[in-house]
Amino acid sequence: MSLSIGIVGLPNVGKSTLFNALSKAGAEAANYPFCTIEPNVGIVPVPDPRLDALAKLYNTKSTVYATMEFLDIAGLVKGASKGEGLGNQFLGHIRQVDAIAHVVRCFDDPNVIHVENSVDPIRDIEVIDLELLLKDLETLEKRKDRTAKVAKSGDKAAKAELESLDKLIAAAQGGMTIREALKTAPETAPLAAELGLLTSKPLMFVANVTDDVLAGKAASPHLDRVREYAAARGIPVAPVSARMEAELSELEPEEQREFLREMGVERTGLERVILEGYQLLGLITFLTAGEKECRAWTIQKGTLAPQAAGKIHSDFERGFIRAEVIQWKDLLDCGSESKARDKGLLRSEGKEYVVQDGDVIHFRFNV
């Protein structure tokens, strides 16, 4: 499965610069609103040092990484839900994604125009939240109009749906995101998912900071405010420097690592966003390894071995016999599967085995 993340935010907060760096897709970046007219899509491999190490151990012919899809969605402004700016067409694009990365400007720079003429990350967050929520309210009210007509005929399913709609509408009218509303009314979750409600989607904040702030060499009151705001709502924050990411994107992998070491930064912005994205959606990775191919597979945390096998091929799940499993680090430490088996680290697991992140698995099946 490929994780899909929509990058949103006000104009000139660094969205397209970040997208360019993450995906190297070349979306136009300019110092004025709405230079990104269609949502740019970039599919990027998920960096995985575990997979690289296994590929080296097996001297594999092919290495296949998991992928992440980024959609760069044009800058929203106040009134977008009513068509201001480029409005509704962009809000519609957000319905497609698995999660939302809201890029928030946490730096001061007089040379970069801010659409509100000042830097205030919490205000910016609330502007976007409100526009998404207003769009959700519009969606809910349209659905209610249709459902109410059916409910009048006595249709039980329509009556039940009407109750859910009323709960969600009341929450939205009270300024509560659908994400928050689902905590108190979990029975409405299937309807929220069916409608693709924007504020029901998992959310992370991507705080665009300066290089010094990212490296821990300078403080940022803007970032502190975002972290405090996010913590109160259970929303993860991934600090990045869009400018640094732009520089990194021009370098080869080894040069990138050297650059990061010099800057005193552990991970690239791509790695931080991916890590938060996986945790946000409850995803993990298992690995398959051999001379022909080493490959990463993305699954939901808690997936059983037969269903994980089905990610590779439906026959693997249908005819599942057992899974031969070892953690990637144990395999590397042993140096070979045979040595790992001798030490009892390569084990056989059945249909009830819950796959763990970093498992290297060989599935046995018979169809």
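Residues numbered from 1 in each chain as written. Predicted model: local features only at pLDDT ≥ 70, side-chain atom pairs only at ≥ 80, totals over all residues. Heavy atoms only, no water.

S.K.: Whenever I open this one, the pattern of salt bridges confuses me. Can you help?
M.R.: For side chains bearing opposite charge, pairing can occur when the charged atoms are close. Here the structure, examined in full by the defined rule, presents 21 salt bridges. Among the ionic pairs, Arg-143 bridges to Glu-161, the shortest N-O distance being 2.9 Å. Here the residue Arg-143 occupies a position in helix α4 (residues 121-151), and Glu-161 occupies one in helix α5 (residues 156-173), the gap between them amounting to 18 residues. For Arg-143, a relative accessible area of 13% gives the class buried. The network of salt bridges with shared partners includes Arg-322, Glu-324, Arg-341 and Arg-364. (Salt bridge = Lys/Arg side-chain N within 4 Å of Asp/Glu carboxyl O. Helix = DSSP H or I, 4+ residues; strand = E, 2+ residues; numbered from the N terminus. Buried < 20%, exposed > 50% of the residue type's maximum accessible area, 1.4 Å probe, protein only.)

S.K.: Honestly, the packing of aromatic side chains in this entry has me stumped. Any pointers?
M.R.: Here the distance between the centres and the angle between the planes together describe a pair of aromatic rings. For the structure shown, the criterion picks out five aromatic pairs. Ring plane angle 15° and centroid distance 6.3 Å describe the contact between Phe-286 and Trp-297, whose orientation is recorded as stacked. Remark: Trp-297 occurs in strand β9 (residues 294-300) and Phe-286 occurs in strand β8 (residues 283-288); sequence separation between them is 11 residues. Phe-286 sits in the buried class, given a relative accessible area of 0%. On the accessibility criterion, Trp-297 (12% relative accessible area) is buried. The structure contains a cluster of three or more aromatic residues connected by ring pairs, namely Phe-286, Trp-297, Phe-320 and Phe-363. Sitting above the plane of the Tyr-229 ring, Arg-233 keeps its charged end 3.6 Å from the centroid. (Phe/Tyr/Trp six-rings, centres within 6.5 Å; stacked < 30°, edge-to-face > 60°. Lys NZ or Arg CZ within 6 Å of the ring centre and 35° of its normal.)

S.K.: Can you walk me through the pairing of strand β6 (residues 203-208) in this structure?
M.R.: The side chains of a regular strand alternate, residue by residue, between the two faces of the sheet. In terms of burial, β6 is a largely internal element, six of the six residues being buried. Here β6 shows a buried face lined by Leu-203, Phe-205 and Ala-207 and a second buried face lined by Met-204, Val-206 and Asn-208. As judged from the six bridges shared by strand β5 (residues 99-105) and β6, these two strands associate in the parallel manner. Among the inter-strand pairings, Ile-100 is bridged to a residue of β6, identified as Leu-203. Inspection of the sheet shows β6 paired to strand β7 (residues 237-240) by four bridges, in the parallel sense. (Pairing = 2+ DSSP bridges.)

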